[in-house]
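Here is what each chain is made of, one letter per residue.
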Amino acid sequence: VGTQKRRPPDVRPIRSADRVVVRVKNSTRERGGALRELLESLPESTAVVRDVDRTGMAVLQLPPGTDVAKVIDDLKSNPDVLYAEPLFLDYGSG
Amino acid sequence: VEGLVVRKQRAGGGERAATVSATTPRGLALLGLSVVATPLVERASGRAAVERTVRAARADDVEWAEPVLLDSISRLPADPLVSEQWALDAIDGGAAFDSAAGTSVLLAVLDSGMPIEGGMRSHQELQGDRFILGRDVVSNDDDPADDHGHGTHVLGIAAATADNSAGVAGLWQGRVLVVKVFDSLGAGSSVAFADGVTAAVEFARTRGLRLVINYSGGGPDSETKKTAVEFARANGALIVAAAGNNFGSPIEFPAAYSATHDNVVAVGAVDRRKALADFCNVGPELNIVAPGVDIISTLPNYFVTLNAEGKQTKFDRMEGTSQATPYVAAIAALIWAQQLALSASQVRRKLLGSAVALPGANTGSGMLNAQRALS
C-alpha cells in the first residue's frame, strides 16, 4: 500500500483547443515558403505563433470556431507536411 | 597507510618479531596476518612507493603481502536541512558526495526555471557559474526566471549547493543548464519540450559535453515529443523523465518512450517505507523508482504561483514523480562523469543494473542506489 493522498481528479486539458503543430518535410524547397503556402490553404487569420526553426516545427493559431480536427486532416494530406497534430499540453509532475 | 604492509605468513614459517608492527590488531593475528613496518623503504607517496613497500615485505615465507589500505565511510554534507532529507539515506546518497562531477558532463533541467531577480541568480543554494541560464522557451528569451516554483524545487533536489552551511544538499555539484519550458501555471507543451531538448542538445554539442536531461513533467504521446527524443538519442543525450502522478494511470510521455528508446529512463516515486506512492503512474515502461514523498528542497526566494497554493518561500516540501526524477538524473550524471566513454544507453544500463529490487510490482528495476551505481 502506497502513501495515502487526497488529490482532486486531474481535469486539466491535454491539448490546446485552438493550436496545432505542423512539421514540413526536409526538401529542396525553402521551408519558409512551404509554411507560407500552407497558411494560404488554411482558414483566414490563421497565424504562426511559434516557428521553432531548429526542429522544423511550427505552432499555428487557428481562428475561433475552427474545426481543429479537419485542419489537421487537411494538413496531413499535404505532400509537404511530415506530420500535423494538436498542440498537446504537458504539466509538471510534482 | 604509508610504510605499513599487511602480509600472510606461509604455514610453518616464523614471523621475524622485530619487523612486526605494534599496530597489528589482535584480530588480524588470529587470521594469521601481521602488519609489518618497512623502515628501509623510502617514505614517499605514489604508486611506485607502494610497490616498493610491498616488494620489501615479500619473502619466501610470505604467502602474500599488500599495502594497508584506507577505507572511509561516505558522509553526508553538513547543510542544516540534510537531516530532513530522508531520501539521501534511502538511496545511499553519501556516495554521490564522494564522487567528482568534473566538467565534462552537463545536467539540463527542463522545467519552470530557477530563481532570478534583476538578471542575477537570487537563491543562496543556487548560486555560481555552474548554474547556466539557458533558454526560456515560454517567453522565447534567455531569462529562465522561475515564476511557478516547480523548477526550483526540482533543481534543488538535483543540484543545491552542498556543504555551504545553508539549507539542503543536492546530489550533483557539477554544471547545470536551466531551461524554462513550463509557464507560471506549471504548464508546458509538446513543442516546449522539443524546443527545450534541442536547445540543451545544441548547448552540450557545441561544447563537447555529455548531456543528461531531467524532465519532471509529462503528457500525451505526440510526434513532436518523439521527434525530440530521437534527436536527443542521435546526439548521445540521456533523458530522465517522470512517470506522472495520475494515481495508477499509464506512464506519461516522454517517460513512456523508455519502452522503445534506450536513451529514456522512466522514474516512479516511493515513500519512506520504499512503497510505491499511490499517486504514481504504473506500467511496464517504468524503469526505476526514487524517493518522491515529503521531499524538502528549494523554492524561489520571491513570491510565485506555488506560494499562492500554500508553499513557503526558500524551502518547503513537495511530492510527486517530479521529485523522484532529479535523484535519478543526478546519479546518472555522476555515473557518466566517472566513465566518460560510456554511451547514454550504457549509463542507463548501469543505473538500472545497480538499482535494488523491491518487493511487489510496478517498480521496474527497483530503488535507485547511489552507492552501487557509483562503485
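Refer to the structure above for everything that follows.
Source: prediction; values computed, not measured. (Residues numbered from 1 in each chain as written. Chains lettered and ligands numbered in written order. Predicted model: local features only at pLDDT ≥ 70, side-chain atom pairs only at ≥ 80, totals over all residues. Heavy atoms only, no water.)

(A) Seen up close, the overall build of chain A. From N to C terminus, chain A includes two helices and four strands. When burial is assessed residue by residue, chain A has 47% of its 94 residues classed as buried. Long-range pairs, those at least 24 residues apart, make up 61% of the contacts in chain A with a sequence separation of at least 6. Counting only carbon and sulfur atoms, one obtains 51% of the accessible surface of chain A, whose full area is about 5500 Å². (Helix = DSSP H or I, 4+ residues; strand = E, 2+ residues; numbered from the N terminus. Buried < 20%, exposed > 50% of the residue type's maximum accessible area, 1.4 Å probe, protein only. Contact = heavy atoms within 4.5 Å. Areas by Shrake-Rupley, 256 points an atom, 1.4 Å probe, with all protein chains shown as cover.)

(B) Layout of the packing of aromatic side chains. A complete count under the given rule lists three aromatic pairs over all chains for this structure. Ring geometry for B:Phe193 and B:Tyr215: centres 4.7 Å apart, planes at 55°, overall tilted. On the criterion of sequence distance, the pair formed by B:Phe193 in helix α6 (residues 190–207) and B:Tyr215 in strand β10 (residues 210–215) is long-range, its members being 22 residues apart. Accessibility expressed as a relative area gives 0% for B:Phe193, which makes it buried. A relative accessible area of 0% means that B:Tyr215 is categorised as buried. The rings of B:Phe182, B:Phe193 and B:Tyr215 are connected pair by pair, giving a single aromatic cluster. Above the face of the A:Tyr91 ring, A:Arg12 is positioned so that its terminal group lies 4.1 Å from the ring centre. Directly above the ring of B:Phe203 sits B:Arg207, whose terminal nitrogen or CZ lies 3.6 Å from the centroid. (Phe/Tyr/Trp six-rings, centres within 6.5 Å; stacked < 30°, edge-to-face > 60°. Lys NZ or Arg CZ within 6 Å of the ring centre and 35° of its normal.)

(C) Geometry of the packing of helix α9 (residues 321–338) of chain B against helix α10 (residues 344–353) of chain B. Residues and elements named next belong to chain B. Two numbers describe how α9 lies on α10: the axes approach to 10 Å, and their chain directions differ by 115°. α10 is crossed by α9, and the crossing has right-handed handedness. Here Val-328, Ile-331, Ala-332, Ile-335, Trp-336 and Gln-338 of α9 come into contact with α10, specifically with Ala-344, Val-347, Lys-350 and Leu-351. (Axes fitted to C-alpha atoms, helices over the stretch in contact; angles between N-to-C directions. Left-handed = near helix turned anticlockwise from the far one by under 90°.)

(D) Layout of the side chain of B:Asn245. Relative to the helices and strands, B:Asn245 is located in the loop between β12 (238–242) and β13 (264–270). The buried category is assigned to B:Asn245, whose relative accessible area is 8%. Here A:Ser93 takes part through its backbone oxygen, which lies 2.5 Å from a polar atom of the side chain of B:Asn245. (Polar contact = N/O pair within 3.5 Å; in protein donor to acceptor, adjacent residues only side chain to side chain.)

(E) A look at the sheet that holds strand β1 (residues 4–9) of chain B. Residues and elements named next belong to chain B. Pairing within the open sheet is antiparallel, and its three strands lie in the order β2-β1-β3. Edge positions in the sheet fall to β2 (33–37) and β3 (62–67), since each has one partner strand and no second. Going from strand to strand, the sheet's axes swing by 30° on average, the running direction of each strand aside. Pairing of β1 with β3, which is carried by five bridges, proceeds in the antiparallel orientation. (Pairing = 2+ DSSP bridges.)

(F) Broad picture of the pattern of salt bridges. Applying the stated rule across the entire model yields 11 salt bridges over all chains. Note that B:Lys225 is salt-bridged to A:Asp90, the shortest N-O span being 2.6 Å. One end of the pair, B:Lys225, is in helix α7 (residues 223–234); the other, A:Asp90, is in strand β4 (residues 81–92), on a second chain. With respect to burial, B:Lys225 and A:Asp90 carry one shared label: buried. B:Lys180 is paired through a salt bridge with B:Asp147; the nearest N and O atoms lie 2.7 Å apart. Within this pair, whereas B:Lys180 is found in strand β8 (residues 175–180), its partner B:Asp147 is found in the loop between β7 (131–136) and α5 (150–159), the two being separated by 33 residues in sequence. Residue classification places B:Asp147 among the partly exposed residues on the basis of a relative accessible area of 33%. Salt bridges here are not isolated pairs; linked through shared partners, they connect B:Glu84, B:Arg272, B:Asp294 and B:Arg317. (Salt bridge = Lys/Arg side-chain N within 4 Å of Asp/Glu carboxyl O.)

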